Amino acid sequence: MAVPAIMRAMRDFDDLFAALRKSPFRCRFRLGPQDRAYLEQKTLAVVLDHGRQFVRQRLAPAVPRNDGRQTPMRGHPIFVAQHATATCCRGCLAKWHFIAPGRALTDEEVEYVVEVLGRWLAGATEDAESPAA
Ligand SMILES: [Zn+2]
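Residues numbered from 1 in each chain as written. Predicted model: local features only at pLDDT ≥ 70, side-chain atom pairs only at ≥ 80, totals over all residues.

Draft legend 1. Structural view of the overall build of the protein. Assigned secondary structure in the protein consists of eight helices and zero strands. When the elements of the protein are put in sequence order from the N terminus, they spell out α-α-α-α-α-α-α-α. The buried share of the protein, reckoned over its 133 residues, is 25%. When contacts within the protein are restricted to residue pairs at least 6 apart in sequence, those whose partners lie at least 24 apart make up 69%. (Helix = DSSP H or I, 4+ residues; strand = E, 2+ residues; numbered from the N terminus. Buried ≥ 20, exposed ≤ 12 C-beta atoms within 10 Å, placed from the backbone. Contact = placed C-beta atoms within 7 Å.)

In structure tokens, the structure reads:
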């Protein structure tokens, strides 16, 4: 599938997820039983809709409120996914995703973040389904 031009300005997914797997801090974030149950009940599509709203409200403004502390550590699978994928604040978006701070996110950037969250959540659910080693 062709990658839209705007995506090339952000980070390649394989490169990104390979880097995240090497970060002990990011790897600490896992879905808890409540998050998994919620995800199963709501479906990934609905949870990602919530994610899009969180991203628009908490990350997308040029100067988000409480930037650096706007994403709770738990309480919604999206929050966990945001910490696991370094999409929790504008500092992490700049460092990990090459998205410049100090300006509002474009629609494409919002969708990119939602895609990152979706990919992580899909992987996190698969892990749960594979038999314990
Ligand atoms: Zn952050």
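Draft legend 2. Geometry of unusual backbone geometry. Residues other than glycine seldom take positive phi values, yet T43 does so here, at roughly 80 degrees. Position of T43 relative to the elements: it lies in the loop between helix 4 (33-42) and helix 5 (44-59).

Draft legend 3. Region of interest: the environment of R36. Within the secondary structure, R36 is located in helix 4. Once the C-alpha coordinates of R36 and P77 are considered, the two residues, 41 residues apart in sequence, prove to be 7.6 Å apart.

Draft legend 4. Quick peek at the environment of T71. Of note, T71 is situated in the loop between helix 5 and helix 6 (77-84). You can call T71 buried: it has 22 C-beta atoms within 10 Å. Not counting residues up to four positions away in its chain, the partners in contact with T71 are R58, F79, Q82, H83, C88 and C89.

Draft legend 5. Here's a closer look at helix 6. For helix 6, a buried count of six out of eight residues is recorded, marking the element as mostly surrounded by other parts of the structure. Among all positions in helix 6, only P77, I78, V80, A81, Q82 and A84 are buried. A86 sits one or two positions beyond helix 6 and adopts a positive phi of about 60 degrees.

Draft legend 6. Expanded view of the nonpolar core. Judged by nonpolar contacts, the single largest core of 20 residues is most densely connected at A81, V113, L117, W120 and L121. Among the elements that line this core, the one with the most residues is helix 8 (residues 107-129), at six residues. Ignoring anything within four residues of it in the chain, the contact list for L121 reads L39, L44, V47, P77 and A81. (Core = buried A, V, L, I, M, F, W, Y, C linked by C-beta atoms within 7 Å.)

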